[in-house]
Protein chains: 2
Amino acid sequence: MNEKILQIINAHPINTHELRRELSIMNMVDIGAIFDALAKDKTIQIFRLLPKDIAANVFAHIETDKQQIIVEALTDNEVGHIIEGLFSDDAADFIEEMPANVVNRVLRSVSDEKRATINQLLQYPDDSVGSIMTTEYMTLREDFNLIEAFAEIREKKMKGLHTCYIVRRDKLLVGSVTLKTLLLAKEHERIGDIMRPTVISAQTLDDQEKAARLFRKYDLLSLPVVDKEGRMVGIITVDDAVEIVEEETTEDFEKMAAILPTEDPYLKIGVFKHAYKRVGWLLILMLAAIFTELVIADAEDFLARMPVLLVFMPMLMDMGGNVGSQTSTLIIRSMALDEIVFRDVLKVWWREFRVAALCGVLLSVLNALRIIVFNREDDVFFLTLTVSLTLVTVIILSKSLGCLLPMTAKKLRLDPAVLATPIIKTLADVVALVMYFAIAAMLLPGLRG
Amino acid sequence: MNEKILQIINAHPINTHELRRELSIMNMVDIGAIFDALAKDKTIQIFRLLPKDIAANVFAHIETDKQQIIVEALTDNEVGHIIEGLFSDDAADFIEEMPANVVNRVLRSVSDEKRATINQLLQYPDDSVGSIMTTEYMTLREDFNLIEAFAEIREKKMKGLHTCYIVRRDKLLVGSVTLKTLLLAKEHERIGDIMRPTVISAQTLDDQEKAARLFRKYDLLSLPVVDKEGRMVGIITVDDAVEIVEEETTEDFEKMAAILPTEDPYLKIGVFKHAYKRVGWLLILMLAAIFTELVIADAEDFLARMPVLLVFMPMLMDMGGNVGSQTSTLIIRSMALDEIVFRDVLKVWWREFRVAALCGVLLSVLNALRIIVFNREDDVFFLTLTVSLTLVTVIILSKSLGCLLPMTAKKLRLDPAVLATPIIKTLADVVALVMYFAIAAMLLPGLRG
């Protein structure tokens, strides 16, 4: 935040004229950020000093706690004015975060039309296209000529407008036209002749991820949303699409790190909620360790006779986990970006198999050299052979699991990210130990018989 | 891809009229995708059938291998026409991917001006704002009235235009105005009076991540780029910003999974390159296992006297890695989204400490119950106590490492994602074993003396 605005705000009394002049050259986002650091009294005081025409716009960029403080301090009339000035998706988001008494007051303060719109938006399922769309969009009719189109645009004064959608009388979406096309067109041309027939749209009940995918694929700035009958009901803007992608990516990061996903930023989540989001998977993984424990318990006698085997256990288990999560991470990310799909599964596995063989042989050789140079055991040859063979096997098996599990999960409409790292790691541990002891039992003379 | 277009393409001879009619209602991205599946001959044949006015636009959406095939088959004249029709950033990207002989031909085929622009763009450092900007943008002068502004816009016919930038005679960027504002303004108004004074811009040598951050913060559709003297030289569009974010996120995923980052999609990378990108970290992690091996070798005698200790080793080591990567993942992602910064470090650590204590106590109690119920050893009480104490300690230490390491790395301008998962896991392994054996030595009667 800039120094000057801070000085103005902290002066006593506040120089209103100077404040407004300073605000007039600032971006709404930066004005919203001023409120982050203000105490309650100051928040209300400064918000009331905002010019009426920017108050709603700034409000949209203030964080939730402060929004609540402001709304509680304003009159019904003032609240109504602000909510009417918000995009309906921002209004719905705001209302979702507020306690019941604030919600009631807010809905009482707005027009019947706005209230109906907000209620409609709140009813769409979480993560659906309907839940993130906004209902402020510009429509034109096919039979408009340019003069009629411009008159309509001037009348509506839509915020942030760059594309107009063409709908029939029954609200059926039939095309789109950008402001640029309108500007370049000639006065007598009909909208129907210069529009681009729209084929790209999403339905209210589609998953929001599908909308985000359309934005990425077609480099869109906005996406029209239609209901089941193809009637236009809203649009999604690119900033909302970017937010969806970021949310979904954060979820993937969290799931791959064995955390239940959450939408709130780190510092906004309390300690108990943080603990709750993490302990579940840890518990499952702890219990899953029973399998490794069984394998080890079974091999105890074995290890007692040849304790040097112990030394390489952690390395082999870690290697399984590491190579497995290398592969699963690449695969999950590539699937999220639509770079690979299920029908590539054999191609991917064959690639992973060869990568695993290359890495496995190289690492085994280096590891063998290391053991031979540093170990002074008698049967160092067979020990080295055991560790090396296990290493190659573990790498191949873990890389195979790392690609087959997430791809199969996706095919079965399960979440690949959830299956990925935690589960693959546990499996890799078990695989590593079982292979290690099996190969040792075959090769090591001290263990035979 | 739709069935109809496939039929048209595979017919012999091709019905050109029908093909063009079909193409006229298709999106450029979808037309570009048709070429993915075509053989070389067919690629060239179909590309030549494209209407001239969309050829360049389609070309931008064709994958690199096919672009090369097409360029090699076209005449210099045709190549020139296509490259002139590309946005200069797309032209530069294309040239970067081509072999020297193709590059020479392409640069020979274009106008002096385009060649100079492309060469300029190619000279900006990788990952700089200059390297991703495009030089096609619309400027207006402050002293224009609306009529002059519209005349200028009609003359330039800029693709995808929604914002015009206002520059002085010395090219100094002073403001911006959207087409919407122009449409709503009155004929006699001067651009200087209706423009929004621009404060948000990036410099050519800024890191591209900084540009992406501005897009996220201010919900921009395009960002003007200026040189060191503040003169306007290009713009970045939101689709490029989205691509940067995706690339950077993919890099984070890869680094956290101990893979050297790469920009190419999974299936475009050969087996040797895949192996090369992964084996480096695996080798380091394998060698880092020497530390755990030393700890185990040191405790061998110890483990021989009390082999039951062995059973819980994998669980404790895994738990350290899991809780550590839970924390480091959350922290790294939150830092990438600017949700936390270095000065939050104590706040974050204190939060993690309490989360760790909560998770640690809960898991220890459950684990203790499990051991008591299922184990029939004599000194099960002390064994349980040892495992439980180790578990709590490991969780607290690993969660502390998981937040302190990435945050410190970021502060030191090292890459937090690289330091994160692989290194924390190795450290967590060592910590787990050292604590386990130390606590066992203190508590277990069988091991004392």
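Residues numbered from 1 in each chain as written. Chains lettered and ligands numbered in written order. Predicted model: local features only at pLDDT ≥ 70, side-chain atom pairs only at ≥ 80, totals over all residues. Heavy atoms only, no water.

Undergrad: I'd like a description of the relation of the copies chain B and chain A, backed by residues and values.
TA: For these two chains of identical sequence, chain B goes onto chain A by a turn of 180 degrees and a shift of 0.0 Å along the axis, with RMSD 0.1 Å. On this basis, the relationship between the two copies can be described by a two-fold rotation axis. Comparing contact sets, 99% of the residues at the interface of chain B also lie at the interface in chain A, consistent with an isologous, same-surface contact. (Least-squares fit on C-alpha atoms with pLDDT ≥ 70 in both. Contact = heavy atoms within 4.5 Å.)

Undergrad: Please give an account of the sheet that holds strand β6 (residues 222–226) of chain B that cites residues and values.
TA: All names here are of chain B. Read across the sheet, three strands follow the order β5-β6-β7 without closing on themselves; strand pairing throughout is mixed. Each edge of the open sheet carries a strand with a single partner, namely β5 (202–203) and β7 (232–237). Of the strand pairs in this sheet, β5 and β6 are connected by two bridges, and their pairing is parallel. Within β6, the residue paired with Q203 across the bridge is V226. With respect to the sheet, helix α15 (residues 208–218) is in contact with β6 and β7, its orientation differing from that of β6 by roughly 140 degrees. (Pairing = 2+ DSSP bridges. Helix = DSSP H or I, 4+ residues; strand = E, 2+ residues; numbered from the N terminus. Axes fitted to C-alpha atoms, helices over the stretch in contact; angles between N-to-C directions.)

Undergrad: Can you explain the interface of chain B and chain A? Please cite residues and give values.
TA: Contacts between the two partners involve 104 residues from chain B, matched on the other side by 104 residues from chain A. Taking both sides of the interface into account, the surface hidden between chain B and chain A amounts to around 9,700 Å²; carbon and sulfur atoms contribute 70%. In terms of surface lost to chain A, no three residues of chain B exceed L183, F253 and Y266 of chain B, which account for 8% of the buried area on that side. The interface formed by chain B and chain A includes eight salt bridges. Here R216 of chain A ties to E246 of chain B by a salt bridge, and the two come within 2.7 Å at their closest N and O atoms. (Buried area = accessible area lost by both parts, 1.4 Å probe. Salt bridge = Lys/Arg side-chain N within 4 Å of Asp/Glu carboxyl O.)

Undergrad: Provide a residue-level description of the pairing of β7 of chain B, including the pertinent values.
TA: Residues and elements named next belong to chain B. Both β6 and β7 contribute to a ladder of five bridges, which runs antiparallel. Following the sheet pairing, V225 is matched in β7 by G234. Here β6 folds back onto β7, and the loop between the two strands holds five residues, one of which, G230, carries a positive phi near 85 degrees.

Undergrad: Please provide a residue-by-residue account of α15 of chain B, values included.
TA: Residues of α15 of chain B that are buried include every one of Q208, A211, A212, L214, F215 and Y218 of chain B, and no others. Across the axial projection of α15 of chain B, the buried residues extend over an arc of 155 degrees, all falling on one side. Taken together, the buried residues of α15 of chain B touch α3 (28–34) of chain A together with α11 (129–132), β6, β7 and α16 (238–256) of chain B. Measuring from the side-chain oxygen of the N-cap residue of α15 of chain B to the backbone nitrogen of E209 of chain B gives 2.8 Å; that N-cap residue is D207 of chain B. A positive phi of about 50 degrees marks D219 of chain B, the residue just after α15 of chain B. (Buried < 20%, exposed > 50% of the residue type's maximum accessible area, 1.4 Å probe, protein only. Arc of directions from axis to C-beta. Polar contact = N/O pair within 3.5 Å; in protein donor to acceptor, adjacent residues only side chain to side chain.)

Undergrad: Go over the sheet that holds strand β7 (residues 232–237) of chain A with me, naming the residues and quoting the values.
TA: Residue and element names in this part refer to chain A. Taken together, the three strands give an open sheet; going across it, the order is β5-β6-β7, and neighbouring strands pair in mixed fashion. Only two strands of the sheet have a single neighbouring strand rather than two, namely β5 (202–203) and β7. Relative to strand β6 (residues 222–226), helix α15 (residues 208–218) is tilted by about 140 degrees, and along the sheet it contacts β6 and β7.

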